[in-house]
Amino acid sequence: MNIEKELHETGGFLNLDLLAKQVVEGYISGIHKSPFHGFSAEFAEHKIYNNGESTRHIDWKLFAKTDKLYTRRYEEETNLRCHLILDNSASMHYPAMKDQNLGALNKIGFSVLASACLMEILKRQRDAVGVSIYSDEFEFYAPEKSSERHHHMLLHKLNELLSSSAKRKNTDTYTYLHQIAEKLKRRSLIFLFTDMFQADAEEEKLFEALRHLKYNRHEVILFHVMDEKRELEFNFENTPRRFTDVETGAEVDLYSDNIRENYKKAIEEYLANLKMQCAKYRIKYVEADINKNFEKILTAYLLEKQKFG
């Protein structure tokens, strides 16, 4: 793959659609020897068999290969609705990058490409997808549709995020999650891409908003987007360095080695509590490291789709 051809001068992907297709094709080819063996580019035509369902549509040939029961899905049955929510706050544009590619993505770049990959799979399955974007305001909302025109409109909107400048403003994530929840009337799979950085909001309010997203029996998958090397391990050279809060502008000068141990302890406690809260409210939590590939994202989708019915 010639990555340079995939990049726009402004830092956006020149052909986000093509790049997403290449990532998805690579993923699909890699699952033939996995627990998803039997799925192919048309894997959307099967769903896992649930006890009590009619056995009329069981794919017995697939059962012979996998020793698992799947039923054939027909076009009129394929009515999954999926809504992607992207946090476009200033912290999501970290680390600052002029150009992005598969080997060098910041948090918003990772979220955009991951979303495009999910959209590519949903398009193949003829399922409906919608998108919401927020920062210090509710920037964009598109309801779930499955048309080709809608798909390309969403790709264009996602690509715009890469070339938009990061706004140094506080973001009340919970405010916009409540607004999005009010718009989602029909049961959907909801994927939220966020780094969970919240300057002023109480944690209780944030989880209240996440619970609101589960209204109408929605399933919520939280992709916690992070740069593990820097944000979890605090892996910086031990030289005098000024750290700046990208949302508030607050600054602090320090040596990284002096606080690394305490920093990592605080982060570990924060993540443990976050995972516990997600488990408490039955929100699927998935760590999404921008330095790794998209396998976790796509596998989480496959697993949740099988349970969604």
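Description of the structure in this document. Since this is a predicted model, take the numbers as computed values, not measurements. (Residues numbered from 1 in each chain as written. Predicted model: local features only at pLDDT ≥ 70, side-chain atom pairs only at ≥ 80, totals over all residues. Heavy atoms only, no water.)

**Points about the pattern of salt bridges**
Inference 1: Using the criterion set out here, one finds 14 salt bridges in the structure.
Inference 2: Its salt-bridge partner being Asp17, residue Lys21 comes within 3.6 Å of it at the nearest N-O pair. Of the two residues, Lys21 and Asp17 both sit in helix α1 (residues 16-30), 4 residues apart, roughly one turn of that helix.
Inference 3: Salt-bridge contacts for Lys275 lead to Glu287; the nearest nitrogen and oxygen are separated by 2.9 Å. You can see Lys275 sitting in helix α8 (residues 256-280) and its partner Glu287 sitting in strand β10 (residues 284-289), a full 12 residues away along the chain.
Inference 4: A single network of salt bridges, built from pairs that share partners, joins Glu25, Glu120, Lys123, Arg124 and Glu148. (Salt bridge = Lys/Arg side-chain N within 4 Å of Asp/Glu carboxyl O. Helix = DSSP H or I, 4+ residues; strand = E, 2+ residues; numbered from the N terminus.)

**What about the nonpolar core?**
Inference 1: Leu84, Phe110, Phe191 and Phe223 are the most contacted members of the largest nonpolar core, which totals 50 residues.
Inference 2: When residues in this core are grouped by element, the largest group, 11 residues, is from helix α3 (residues 107-124).
Inference 3: If we skip the residues at most four places from it in the chain, Leu84 touches Ser115, Leu118, Met119, Val129, Gly130, Val131, Ser132 and Phe191.
Inference 4: Core analysis: the next-biggest nonpolar cluster, separate from the first, contains 26 residues, Tyr176, Ala209, Leu271 and Cys278 among them. (Core = buried A, V, L, I, M, F, W, Y, C linked by side-chain atoms within 4.5 Å. Buried < 20%, exposed > 50% of the residue type's maximum accessible area, 1.4 Å probe, protein only. Contact = heavy atoms within 4.5 Å.)

**Observations regarding the sheet that holds strand β5 (residues 138-145)**
Inference 1: The strand order β5-β4-β3-β6-β7-β10 describes an open sheet built from 6 strands, whose pairing is mixed. Two strands lie at the open edges of the sheet, namely β5 and β10, each paired on one side alone. Direction aside, the axes of adjacent strands within the sheet are offset by 15° on average.
Inference 2: Bridge count between strand β4 (residues 128-134) and β5: 5 bridges; the pairing is antiparallel. Its bridge partner being in β5, Ile133 is matched across the sheet by Phe140.
Inference 3: In the packing of helix α4 (residues 148-163) onto the sheet, contacts are made with β3 (81-87), β4 and β5, and the angle to β5 comes to roughly 155°. (Pairing = 2+ DSSP bridges. Axes fitted to C-alpha atoms, helices over the stretch in contact; angles between N-to-C directions.)

**A short note on the packing of α1 against α3**
Inference 1: As a packed pair, α1 and α3 sit with axes 8 Å apart at the nearest point and diverge in direction by 70°. Considered as vectors, α1 and α3 are oriented roughly perpendicular to each other. Residues Leu16, Asp17, Leu19, Ala20, Lys21, Val23, Val24, Glu25 and Ile28 of α1 touch α3, and the partners they reach there are Val112, Leu113, Ala116, Cys117, Glu120, Ile121, Lys123 and Arg124.
Inference 2: Residue composition of the contact of α1 with α3, grouped by class: 11 nonpolar, no polar and 6 charged. (Parallel < 35°, antiparallel > 145°, perpendicular 65-115°, else oblique. Nonpolar A, V, L, I, M, F, W, Y, C, P; charged D, E, K, R; others polar.)

**Comments concerning unusual backbone geometry**
Inference 1: With omega at -10°, the peptide bond leading from Tyr94 into Pro95 counts as cis.
Inference 2: Take Pro95: it is sitting in the loop between β3 and α3.
Inference 3: Within the chain, Asp67 stands out as a residue other than glycine whose phi angle is a positive 60°.
Inference 4: Within the fold, Asp67 resides in the loop between α2 (60-66) and β2 (70-72).

**Here's the deal with the packing of α3 against α4**
Inference 1: Interhelical geometry of α3 versus α4 gives an angle of 170° and a closest axis separation of 9 Å. Compared by their axis directions, α3 and α4 come out roughly antiparallel. Counted together, Ile108, Gly109, Val112, Ser115, Ala116, Met119, Glu120 and Lys123 of α3 and Glu148, His151, Leu154, Leu155, Leu158, Leu161 and Leu162 of α4 form the full contact between these two elements.
Inference 2: Partitioning the contact of α3 with α4 into residue classes produces 9 nonpolar, 3 polar and 3 charged.

**Considering α3**
Inference 1: For α3, spanning 18 residues, the distance from its first C-alpha to its last is 26 Å, which sits close to the expected 26 Å at 1.5 Å a residue.
Inference 2: Burial analysis of α3 places 16 of its 18 residues in the buried class, which makes it a mostly covered element.
Inference 3: Its side-chain oxygen at 3.4 Å from the backbone nitrogen of Ile108, Asn106 defines the N-terminal cap of α3.
Inference 4: Following α3 by one or two positions, Arg126 adopts a phi angle in the positive range, close to 65°. (Expected span 1.5 Å × (residues − 1). Polar contact = N/O pair within 3.5 Å; in protein donor to acceptor, adjacent residues only side chain to side chain.)

**Quick notes on the packing of aromatic side chains**
Inference 1: Considering all chains together, one arrives at 7 aromatic pairs under this definition.
Inference 2: With a centroid separation of 6.0 Å and 25° between ring planes, the pair formed by Tyr134 and Tyr176 is classed as stacked. Here the residue Tyr134 occupies a position in strand β4, and Tyr176 occupies one in helix α5 (residues 173-183), the gap between them amounting to 42 residues.
Inference 3: Exposure remark for Tyr134: the relative accessible area of 0% places this residue in the buried category.
Inference 4: Among the aromatic residues, ring-to-ring pairing joins Phe191, Phe193, Phe223 and Tyr301 into one connected group. (Phe/Tyr/Trp six-rings, centres within 6.5 Å; stacked < 30°, edge-to-face > 60°.)

**Notes on the environment of Ile259**
Inference 1: Turning to its location among the elements, Ile259 is positioned in helix α8.
Inference 2: In sequence terms Ile259 and Phe234 are 25 residues apart; their C-alpha atoms lie 9.0 Å from each other.

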